[in-house]
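Chain by chain, the residues:
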Amino acid sequence: MTESFIVRPVREADYPSWKVLWDGYNAFYGRSGDTALEPAVTAATWARFFDSYEPVHGLVAEGAQGGLLGLTHYLFHRSTLSLGPSCYLNDLFTAESARGKGVGRALIEAVQRRAIEAGSARLYWHTQTNNTTARRLYDAVAQDSGFMVYRMATS
């Protein structure tokens, strides 16, 4: 049986449950133990959700029995390609027990609604090429842009 859930903005009281999901997300991408994010980064990320000056937002999926099943973080930014803002889905993660139950799709669709409301010209995100489970969902809800991501150290 599929658990019912709601998607809603993150609340300050969600921190302990959010942190568990956040740590799971970061561990998935190899950021744990010696390679973990600095605690100041996590603290700043959390604080940004509650600062109206910041363009960074957080949503969570909450199960019918309470407890968080997933998270997503997104931000709006200017672009040289349109007058309206672009929306970047920065992070998406679901608890292992919630996978395959529509939580990830619901979180993406919630960000999409907010992007539409904000007048965004586009919603986009990145994932690793070997993230095959997530890519099955992404291929079902969006188009692969064909772009590769390059990075260069600045410090």
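Fair warning: this is a prediction, and the values are worked out from it, not measured in the lab. (Residues numbered from 1 in each chain as written. Predicted model: local features only at pLDDT ≥ 70, side-chain atom pairs only at ≥ 80, totals over all residues. Heavy atoms only, no water.)

## Quick look at the pattern of salt bridges
Next, step 1: Applying the stated criterion to the full structure yields 4 salt bridges.
Next, step 2: A salt bridge links E62 to R8, with the shortest nitrogen-to-oxygen separation between them at 2.9 Å. Here E62, found in strand β2 (residues 56-63), pairs with R8, found in strand β1 (residues 5-9); they are 54 residues apart in sequence, far enough to count as distant.
Next, step 3: Residue R48 pairs with E54 through a salt bridge whose shortest N-O separation is 4.0 Å. (Salt bridge = Lys/Arg side-chain N within 4 Å of Asp/Glu carboxyl O. Helix = DSSP H or I, 4+ residues; strand = E, 2+ residues; numbered from the N terminus.)

## Remarks on the sheet that holds β2
Next, step 1: Taken together, 5 strands build an open sheet; the order of strands is β1-β2-β3-β4-β5 and the sheet is mixed. This sheet does not close on itself; its edge strands, each paired only once, are β1 and β5 (122-124). Sheet twist, expressed as the mean angle between neighbouring strand axes with direction ignored, is 25 degrees.
Next, step 2: Relative to strand β4 (residues 86-94), helix α3 (residues 103-117) is tilted by about 160 degrees, and along the sheet it contacts β1, β2, β3 (68-77), β4 and β5. (Pairing = 2+ DSSP bridges. Axes fitted to C-alpha atoms, helices over the stretch in contact; angles between N-to-C directions. Contact = heavy atoms within 4.5 Å.)

## Here we look at the environment of R48
Next, step 1: On the secondary structure map, R48 appears in helix α2 (residues 39-48).
Next, step 2: Given a relative accessible area of 35%, R48 falls into the partly exposed group.
Next, step 3: Put simply, R48 and A134 are 86 residues apart on the chain and 26 Å apart in space, counted from C-alpha to C-alpha.
Next, step 4: The residues contacting R48, other than those within four sequence positions of it, are E54 and V56. (Buried < 20%, exposed > 50% of the residue type's maximum accessible area, 1.4 Å probe, protein only.)

## What about the side chain of T94?
Next, step 1: Take T94: it is sitting in strand β4.
Next, step 2: Judged by relative accessible area, which is 12%, T94 ranks as buried.
Next, step 3: Filtering out sequence-adjacent residues up to four positions away, T94 remains in contact with L69, G70, R99, V103, G104 and L107.

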